[in-house]
Protein chains: 2
Amino acid sequence: MGITIKDIAKIAGVSTSTVSLVISGKGYVSETTREKVQVVIDEYNYKPSRSAQQLVSQCSGNIGFIISDIHLSRSEAFYTRILLGAELEARNYNMYILLSTVGDKIDIPAGIPRFINSQDVDGLIIAGSVPVALVEYVHKLRIPTVLIDFKVSQTNMDAVLMDNRDGAQQIVKHLVDLNISKIGFVGGSYYHPSIKERFEGYQTAMVLHGLGAIAQNSDYHYLIEYETSPECGQRGLLKILEKIPDVEAVICVNDTTATGCLQYVESINKKVPEEIKIAGFDNVNFSAITHPPLTTVNVPKVQMGVEALKLLMDRINNGQQVHQTRLIPVELIVRGSTVKNGS
Amino acid sequence: MGITIKDIAKIAGVSTSTVSLVISGKGYVSETTREKVQVVIDEYNYKPSRSAQQLVSQCSGNIGFIISDIHLSRSEAFYTRILLGAELEARNYNMYILLSTVGDKIDIPAGIPRFINSQDVDGLIIAGSVPVALVEYVHKLRIPTVLIDFKVSQTNMDAVLMDNRDGAQQIVKHLVDLNISKIGFVGGSYYHPSIKERFEGYQTAMVLHGLGAIAQNSDYHYLIEYETSPECGQRGLLKILEKIPDVEAVICVNDTTATGCLQYVESINKKVPEEIKIAGFDNVNFSAITHPPLTTVNVPKVQMGVEALKLLMDRINNGQQVHQTRLIPVELIVRGSTVKNGS
DNA sequence: TATTATCATCGAAACGTTTCGATATTATTA
DNA sequence: TAATAATATCGAAACGTTTCGATGATAATA
C-alpha cells in the first residue's frame, strides 16, 4: 500500500528508529540527520500508520462523544456546536471523535455505546444529561471522562459548565437598570440542574436589587414542565399574566421557551418590548432573527467543547490530578426584546 | 492490559488461528471446538483489538462523514439526522464514523479533513453541498465515496438523493385537489440543485393539471436569494403578493422558508389557511409546531443516512460495480396550513 | 590521560491480530 | 485398498510502528 517508515528510513539512509525519533521529536537526533529525514518525509508526504501506532502505544487515539439523541436532534444546534468545538480541538491532539447517541433509557452494559466496551476510546466526553447509570458505569471502568453541561452529584468527575447563575444575574441587572421590577421567570423543571441554577441566579439577583418579595412570589414563576419548548413558554406566560397582569418582563430559561413567549405576546396583541420585555438564554442561532430580536445570554458553545477536550486530554495524559470543574463565563446580549421603552 | 486472543487460545486449549477462525466464521472449525472457544470468549467478554485488526487487514474501520459547517449548524437538524442514520447503520458493519466539517472555501489539499490524507478512513460520506474541488480531489484519490443530497455533474459517483420532484408534485396535487390554482413558489436560488428539482417538480405538476400558464409566470415565483431563510420567505411572499394579490397558496422550497411566509401572513393580518395556504418541504422538527402546523413533505433523513452507509459499504467491499444513485421516496404530510377552507 | 557524561544511531523485540501453508485426520472416490 | 478430497488444526510470518538497551562517538571532567 502506502509508504512506510521503513521506506523512509531506507531512502534517508538511517534506521527506522531514527525516523521515529524525528517524527516524535523525542530523544537525540542531530540537526543534520533530522533535516535529512524530514526532507524525505515531506517529499513522500509520509504519514505514520495510525493502527500501527495504536497497537504499539496501546492507545486508540479516539475520544468518544456521547449525547442523548433528544439533545442532538433539537433544533437549536446547541450541542452540535459543542461537538464542533471538541472536534476542532481534537485536531490539535491528532485525536478523532467518535459520536454516539444514547436514549434516555439504556440497558447497562448491553445498550451502551459500543466503543466503550470495545475499548476503542481513550476518553469520553458526555454532553448534556444522559442516564446516570451510564455515567456511573464509565466511572467504575475508570475511563477518563469529562461531562459538559451535566453534573452527577454522587461521582467526582471533571466537568465543563457554563455560569448559569451569573447569566441570570446579568439579565436581572440589565432589566433593573431599565427601571423594571416586576420580573417573572418561565421555563421547564426546577429539578433540571441548569434550570435550577438559572432560576436561583434570578432569585439571588432579585434579592440583591431589593426585589426579594417578587423573587419569593411563585405567582411570578412557572417551572412545572418537564421539557422546555415554545409551548412551555406560551403556557408559562399565560399563567403568569393570569396572576400578574402587569408583569413587566419575563426571563425565560432558554431561547426556545422565549420564542413561545414572544408568540404568545403577539397573539394577545401586546407589544414587545413596549408592554412587556422578554429575555432568553443560550443565544442559539435563531435568537437574533425572532421578532423582535431576543435579548439573551450568550453561551460559548464551541469554546465549551474546546475546553472539555483540553481537560480530557489533560486527564488522559496526567491521570492522577484532582478533578476539576471549569465554569465558562457567559455574556449578556441585549437586543430588541428588552430595549428601553421609547428608544 | 486487556485479554488477548492468545489468552483465549490458551484457556480454550487451541491455537490463536482457531480462535480467529471462530470469531470471523471463516474456514473450517468443528462444531465442538467452535462452542468451546465461544464459551471462553463470552466468559471473558473478549473483544479483538481494533488496531491489530486494522494493521493486518490494512483497513481503518472508519468512515469519514463530511459536511459543511453551515449545514451542520443550521437549526433544522436535517443533516444531523442523516448523520445519525449513518451512525446507526455503521454499527451493523462495526465501523466508526469520523465527523469533519469543512468551510465553503478550502485549500486543497491543506484544508481538507485530516482523515483523508492520513488514510484513516475506508470511505467517505459527503452530506450536502461542499466545495466541488473537494469532491473531485477524493474522486481522484479513488476513495470510495457516497454523496447525500448533493450531486456533482462531472464526476460519476454514488449518491443518495431524495425525490424532490415527486415531493413538489405531491404538494401541487394536494392543493389542486382543494380546488386551488393560483399557486406560487418561494425560496432560494434556482441554481441550487435540490431547489431546482423542487421547482421543476412544481412546474411539471402545474402543467399536468392544466396550470401551465401559472407555472411559466414568473410573477408567481421568487427564486433569487442565495440562502433560504425565514426572511427569504417573508420577502418572497411580499414580492409575490405585490404582483398577485389574490394568490391562493405558496409552496416554499423548505420549512424554514415557510415559517417566514407564515410570519409574514400573520403580520399583514391574513389568515392561514383560510386566505392563503402555505406548504413547506423537509418536515424538520419544528414544522409540526408552527401556527398553524405546516403541511410539508417528509424527507426520511435517518433512512438516507442508512442507505448511504449501505451503499458505501457495498462499494468498499465490491468495488468494481457501476455507480448508482438511490432516490429516496418522500411523502406528503398534510397539516393545518393547507386544510380546506371551512373544515 | 583516563574516566565519565552527553549525544547520536541502530537493531530487535513487542503490540494483537489475520492468513498462508503445512500437517494430520477423516471421508469419499476410483 | 490406494488415491484423492474435504475437514480440522496449528505454526509462523506479516502488518507498521515505538521503545528499550546496546554501541559508538564526542565532549566534559577529574
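Residues numbered from 1 in each chain as written. Chains lettered and ligands numbered in written order. Predicted model: local features only at pLDDT ≥ 70, side-chain atom pairs only at ≥ 80, totals over all residues. Heavy atoms only, no water.

K.L.:
What exactly am I supposed to notice about the interface of chain A and chain B here?
P.N.:
Accessible area lost when the parts come together is the quantity often used to give the size of an interface. Contacts between the two partners involve 43 residues from chain A and, on the opposite side, 43 residues from chain B. Between chain A and chain B the total buried area reaches about 3600 Å² when both faces are included, carbon and sulfur atoms providing 52% of it. When the buried surface of chain A facing chain B is broken down by residue, Ser73, Tyr96 and Arg114 of chain A rank first, second and third, together holding 19% of it. Put simply, glutamate 87 of chain A and arginine 114 of chain B hold a salt bridge, and the shortest N to O gap is 3.1 Å. At the boundary of chain A with chain B, the tally comes to eight residue pairs in polar contact (both at pLDDT 80 or more). Where the side of chain A that touches chain B is concerned, the elements lending two or more residues are α4 (50-57), α5 (69-73), α6 (78-92), β2 (96-102), α7 (114-117), α12 (230-243) and α13 (255-267) of chain A. (Contact = heavy atoms within 4.5 Å. Buried area = accessible area lost by both parts, 1.4 Å probe. Salt bridge = Lys/Arg side-chain N within 4 Å of Asp/Glu carboxyl O. Polar contact = N/O pair within 3.5 Å; in protein donor to acceptor, adjacent residues only side chain to side chain. Helix = DSSP H or I, 4+ residues; strand = E, 2+ residues; numbered from the N terminus.)

K.L.:
Help me understand the sheet that holds strand β7 (residues 221-222) of chain B, please; the structure alone is not making it clear to me.
P.N.:
Two orientations exist for strands paired in a sheet by backbone hydrogen bonds: parallel and antiparallel. Residues and elements named next belong to chain B. In space, the four strands of this open sheet follow the order β7-β6-β8-β9, with parallel pairing throughout. Of all strands in the sheet, those with a lone pairing partner are β7 and β9 (277-279), marking the two edges. The pairing of strand β6 (residues 183-186) with strand β8 (residues 249-252) spans four bridges and is parallel. The partner of isoleucine 183 across the bridge, within β8, is alanine 249. Each of β6, β7 and β8 is contacted by helix α10 (residues 193-208), which is oriented at about 170° to β6, the strand it contacts most. Its contacts with the sheet place helix α13 (residues 255-267) against β6, β8 and β9, and it is angled at close to 160° to β9. (Pairing = 2+ DSSP bridges. Axes fitted to C-alpha atoms, helices over the stretch in contact; angles between N-to-C directions.)

K.L.:
Looking at this structure, I do not really get the protein's contact with DNA strand C. What am I missing?
P.N.:
Looking at DNA strand C, there are 27 residues lining it, with Thr18, Tyr28 and Thr33 of chain A together with Ile5 and Ser20 of chain B nearest. By atom count, sugar and phosphate contribute 71% of the portion of DNA strand C lying within 4 Å of the protein. Within the contact set of DNA strand C, a phosphate oxygen lies 2.9 Å away from a backbone nitrogen or oxygen of serine 30 of chain A. Within the contact set of DNA strand C, a phosphate oxygen lies 3.1 Å away from a side-chain nitrogen or oxygen of glutamine 53 of chain B. Elements with a contribution of two residues or more to the surface near DNA strand C: α2 (16-24) and α4 of chain A together with α1 (5-12), α2 (16-24) and α4 (50-57) of chain B. Sort the elements by how many residues they give to the surface near DNA strand C and α4 of chain B lands first, with four residues. Of the residues in the surface near DNA strand C, the class split is twelve nonpolar, twelve polar and three charged. (Near = heavy atom within 4 Å. Nonpolar A, V, L, I, M, F, W, Y, C, P; charged D, E, K, R; others polar.)

K.L.:
Help me understand helix α9 (residues 164-177) of chain A in this model?
P.N.:
Since one α-helical turn is 3.6 residues long, residues separated by three or four positions face the same way. Residues and elements named next belong to chain A. Helix length check: α9 (14 residues) gives 20 Å between terminal C-alpha atoms against 20 Å at 1.5 Å per residue, within 8%. All of the buried residues along α9 are Asn164, Gly167, Ala168, Ile171, Val172, His174, Leu175 and Val176. The first or second residue beyond α9 is asparagine 179, which carries a positive phi of 70°. (Expected span 1.5 Å × (residues − 1). Buried < 20%, exposed > 50% of the residue type's maximum accessible area, 1.4 Å probe, protein only.)

K.L.:
Sorry if this is basic, but what is going on with the protein's contact with DNA strand D here?
P.N.:
In the region of DNA strand D, 25 residues are neighbours, and Ile5 and Ser20 of chain A together with Ser15, Thr18 and Thr33 of chain B sit closest. Each atom of DNA strand D within 4 Å of the protein was assigned to sugar, phosphate or base; sugar and phosphate come to 69%. A distance of 2.6 Å separates a phosphate oxygen of DNA strand D from a polar side-chain atom of serine 20 of chain A. Contributions of two or more residues to the surface near DNA strand D are made by α1 (5-12), α2 and α4 of chain A together with α2 and α4 of chain B.

K.L.:
Can you help me understand the side chain of threonine 33 of chain B in this one?
P.N.:
Residue and element names in this part refer to chain B. The topology assignment puts threonine 33 in helix α3 (residues 31-44). Polar side-chain contacts of threonine 33 include one of 2.7 Å to the side chain of serine 30. Discounting chain neighbours no more than four positions away, the residues touching threonine 33 are Val14 and Thr18.

K.L.:
Just to check I follow, could you spell out the nonpolar core for this structure?
P.N.:
Burial of nonpolar side chains together is a common tendency in soluble globular proteins. Core analysis: the largest hydrophobic core is formed by 150 residues, its most contacted members being Phe65, Tyr202 and Ile278 of chain A together with Phe65, Tyr202 and Ile278 of chain B. Look past the residues within four positions of phenylalanine 65 of chain B in its chain and what remains in contact with it is Ile82, Leu83, Ala86, Ile97, Leu98, Leu99, Ser100, Phe115, Ile125 and Ala127 of chain B. Listed in part, the 45 residues of the second largest apolar core include Val135 and Tyr137 of chain A together with Leu134 and Val138 of chain B. (Core = buried A, V, L, I, M, F, W, Y, C linked by side-chain atoms within 4.5 Å.)

K.L.:
Hey, could you run me through the domain arrangement of chain A in this one?
P.N.:
Residue and element names in this part refer to chain A. You can read the domains of chain A as domain 1 (5-48), domain 2 (62-162 + 302-328) and domain 3 (164-299 + 332-338). A C-alpha centroid distance of 30 Å is found between domain 2 and domain 3. Taken residue by residue, the interface counts eight residues in domain 2 and twelve residues in domain 3. Counting across the interface, domain 2 meets domain 3 through zero salt bridges. For the pair domain 2 and domain 3, the number of links is two residue pairs in polar contact (both at pLDDT 80 or more). Of the residues belonging to the side of domain 2 that touches domain 3, the class tally is four nonpolar, one polar and three charged. (Domains from an automatic or database assignment.)

K.L.:
Hey, could you run me through the packing of α1 of chain A against helix α3 (residues 31-44) of chain A in this one?
P.N.:
Geometrically, a packed helix pair is captured by the angle between its two axes and the distance between the axes. All names here are of chain A. Running from N to C, α1 and α3 point in directions that differ by 125°, and their axes come no closer than 9 Å. Viewed along their axes, α1 and α3 adopt a mutual orientation that is oblique. Relative to α3, the crossing made by α1 is right-handed. Every residue of α3 that contacts α1 at Ile8, Ile11 and Ala12 is listed here: Lys36, Val37, Val40, Ile41 and Tyr44. Classifying every residue of the contact of α1 with α3 by side-chain character gives seven nonpolar, no polar and one charged. (Parallel < 35°, antiparallel > 145°, perpendicular 65-115°, else oblique. Left-handed = near helix turned anticlockwise from the far one by under 90°.)

K.L.:
Where do I start with the packing of helix α6 (residues 78-92) of chain B against helix α14 (residues 301-317) of chain B in this structure?
P.N.:
All names here are of chain B. Across the interface, α6 lies against α14 with an axial gap of 6 Å and an inter-helix angle of 45°. With respect to their mutual orientation, α6 and α14 come out oblique. Of the two possible hands of crossing, α6 and α14 adopt the one that is right-handed. Across from Phe78, Arg81, Ile82, Gly85, Ala86, Leu88, Glu89 and Ala90 in α6, the residues of α14 making contact are Lys301, Val302, Gly305, Val306, Leu309 and Lys310. Taken together, the residues that form the contact of α6 with α14 break down as eight nonpolar, two polar and four charged.

K.L.:
Looking at this model, I keep getting lost on the relation of the copies chain A and chain B. Mind explaining?
P.N.:
Superposing the two chain copies requires a rotation about an axis and a translation along that axis. You can overlay chain A on chain B at an RMSD of 0.1 Å; the transform is a turn of 180° with a shift of 0.0 Å along its axis. Such values leave the two copies arranged in the relation of a two-fold axis. Taken together, the interface assignments show that 100% of the residues at the interface of chain A recur at the interface of chain B, consistent with an identical surface on both copies. (Least-squares fit on C-alpha atoms with pLDDT ≥ 70 in both.)

K.L.:
Explain the packing of aromatic side chains to me, please; I cannot follow it from the model alone.
P.N.:
The relation between two aromatic rings is expressed through the spacing of the ring centres and the mutual angle of the planes. All names here are of chain A. Scanning the entire structure with this criterion turns up 14 aromatic pairs over all chains. Measuring from ring centre to ring centre gives 5.1 Å for phenylalanine 78 and tyrosine 79, while their planes differ by 75°; the resulting arrangement is edge-to-face. Centroid distance phenylalanine 185 to tyrosine 202: 5.2 Å. Interplanar angle 40°. Geometry classified as tilted. In this pair, phenylalanine 185 sits in strand β6 (residues 183-186) while tyrosine 202 sits in helix α10 (residues 193-208), placing the two residues 17 residues apart along the sequence. Across the pair, exposure class does not vary: phenylalanine 185 and tyrosine 202 are buried alike. Through a chain of ring-to-ring contacts, three or more aromatic side chains come together here, namely Phe185, Tyr190, Tyr191, Phe199 and Tyr202. Lying across the ring of phenylalanine 281, arginine 198 places its NZ or CZ 3.7 Å from the centre. (Phe/Tyr/Trp six-rings, centres within 6.5 Å; stacked < 30°, edge-to-face > 60°. Lys NZ or Arg CZ within 6 Å of the ring centre and 35° of its normal.)

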